[in-house]
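Coordinate inspection notes
Residues per chain are reported as follows:
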Amino acid sequence: MTRPLASIQLYTLAAEFTADMHGSLDRLAALGLRHVEAFDFVRRPAEIRAALDASGLAAPTGHAPLLSDELWTPDGAIPTPAPEVVLDAAAAIGMTTVFDPYLAPERWLTADDVAASAERLNRIAELAAGYGIAVGYHNHAQEFVAEFDGRTAFETFVADLDDRVQIELDLFWALAGDQDVPALVERLGSRMIAAHVKDGVVPASNPWAPGAEPFGSESLDQRHAGTGDVPLAAALTAASAVQYAVIEYDHAPGDVFDDIAASLAFLRDGGFVA
């Protein structure tokens, strides 16, 4: 099996990227990274593409909302554009896959809502095909709260998706959803084309379960890959079709570039990336 390529979700260094786009990308390139995963790219695709080109980087994947009217983050919501606008921006940057990164917890609690979300993403997949782009979904932990006929809402959703729709599994959040992560990776099989390589002390209870206390990213105890609770090595070994191993910190524990370098070393030293 061809090993995946290392990448980095730019949300990890959102502050640094906002303050100095070119400088932060140059620092990623100096670490030996050649791929990034774009975040908040729709409003400035030409600027981001130019900065990527100048640093010798590519963004084959990106996060943008496709299933909701605003994009939630632990630190605030971002209004969402029409799918055509997202796809135009993705094409300008050179992406091959756009992942919806978050669907609100209340939309995972009934089978009808889950089916409706899958149907909507399937329609967008048809639209995206005209751009030569695939679409997909990236999980947190709310997708694992409800079950229907013995199957989580997440896996019910996946089963309803068109074969063209891809999955990016966030390994940290899957564990926070009380999943056997390597087993889930194995079940997803060829559907899963990217993994978020994230580690740390997983919250004791699902932060998106009904009645859970509100939380923000600053409350997360995240750590360098391979030093936390997440069975990253077993999960990556179980993957059969992952093309991108995407480093991410929602809350970097120290200097963000040092933290990225440490997780990149885990991927390289373990032979998990090409």
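What this report covers is the structure whose coordinates are included nearby.

The rules we used
- Residues numbered from 1 in each chain as written.
- Predicted model: local features only at pLDDT ≥ 70, side-chain atom pairs only at ≥ 80, totals over all residues.
- Heavy atoms only, no water.
- Helix = DSSP H or I, 4+ residues; strand = E, 2+ residues; numbered from the N terminus.
- Polar contact = N/O pair within 3.5 Å; in protein donor to acceptor, adjacent residues only side chain to side chain.
- Contact = heavy atoms within 4.5 Å.
- Expected span 1.5 Å × (residues − 1).
- Core = buried A, V, L, I, M, F, W, Y, C linked by side-chain atoms within 4.5 Å.
- Buried < 20%, exposed > 50% of the residue type's maximum accessible area, 1.4 Å probe, protein only.
- Pairing = 2+ DSSP bridges.
- Axes fitted to C-alpha atoms, helices over the stretch in contact; angles between N-to-C directions.
- Phe/Tyr/Trp six-rings, centres within 6.5 Å; stacked < 30°, edge-to-face > 60°.
- Lys, Arg positive; Asp, Glu negative; His and termini not counted.
- Salt bridge = Lys/Arg side-chain N within 4 Å of Asp/Glu carboxyl O.

1. Things to note about the side chain of Thr-12
- Tracing the chain through its elements places Thr-12 in the loop between strand S1 (5–8) and helix H1 (14–19).
- At 3.0 Å, the side chain of Thr-12 forms a polar contact with the backbone nitrogen of Tyr-249.
- Leave out the neighbours within four places in its chain, and Thr-12 touches Ile-247, Glu-248, Tyr-249, Val-256 and Ile-260.

2. So, helix H5 (residues 111–129)
- The end-to-end C-alpha distance of H5 is 27 Å, a good match for the 27 Å that 19 residues give at a rise of 1.5 Å each.
- Looking at the buried positions of H5, the neighbouring elements they touch are helix H4 (83–93), strand S7 (134–138), strand S8 (147–148) and helix H6 (153–160).

3. Observations regarding the nonpolar core
- In this structure, Leu-28, Phe-41 and Leu-171 are the most contacted members of the largest nonpolar core, which totals 86 residues.
- When near neighbours in sequence (up to four residues on either side) are disregarded, Leu-28 contacts Ile-8, Leu-10, Leu-13, Leu-33, Val-36, Phe-257 and Ile-260.
- Formed by five residues, the second largest nonpolar core is a distinct cluster that contains Phe-99, Ile-193, Ala-194 and Tyr-244.

4. Overview of the sheet that holds strand S3 (residues 58–63)
- If you walk across this open sheet you meet the eight strands as S1-S14-S11-S10-S7-S6-S3-S2, and the pairing is parallel. The sheet terminates laterally at S1 and strand S2 (35–39), the two strands that pair on one side only. On average, each strand axis in the sheet is inclined to that of its neighbour by 30 degrees, with strand direction left out of account.
- As paired elements, strand S6 (residues 97–100) and S7 share four bridges and run parallel to each other. Bridging from a neighbouring strand, Phe-99 pairs with Gly-136 of S7.
- Sheet strands in contact with helix H8 (residues 181–188) are strand S10 (166–170) and strand S11 (192–197), and its direction is about 175 degrees off that of S10.

5. Digging into the packing of aromatic side chains
- Enumeration according to the criterion identifies 11 aromatic pairs in this entry.
- When the ring of Phe-144 is compared with that of Phe-154, the centres are 5.1 Å apart and the planes differ by 45 degrees; the resulting orientation is tilted. Here Phe-144 is found in the loop between S7 and S8, whereas its partner Phe-154 is found in helix H6, with 10 residues between them in sequence.
- With relative accessibility at 6%, the residue Phe-144 sits in the buried group.
- Judged by centre distance (5.1 Å) and plane angle (85 degrees), the ring pair of Trp-208 and Phe-215 falls under edge-to-face.
- A residue is classified by how much of its surface remains accessible, and Trp-208, at 10% relative accessible area, is buried.

6. Digging into the side chain of Glu-37
- Relative to the helices and strands, Glu-37 is located in strand S2.
- With no salt bridge to any partner, buried Glu-37 finds its closest opposite charge in Lys-198, at an N-O distance of 9.1 Å.
- Of the polar contacts made by the side chain of Glu-37, one reaches the side chain of Gln-9; its length is 2.8 Å.
- Residues within four places of Glu-37 in sequence aside, it is in contact with Ser-7, Ile-8, Gln-9, Leu-10, Thr-61, Gly-62, His-63, Phe-99, Glu-168, His-196 and Val-246.

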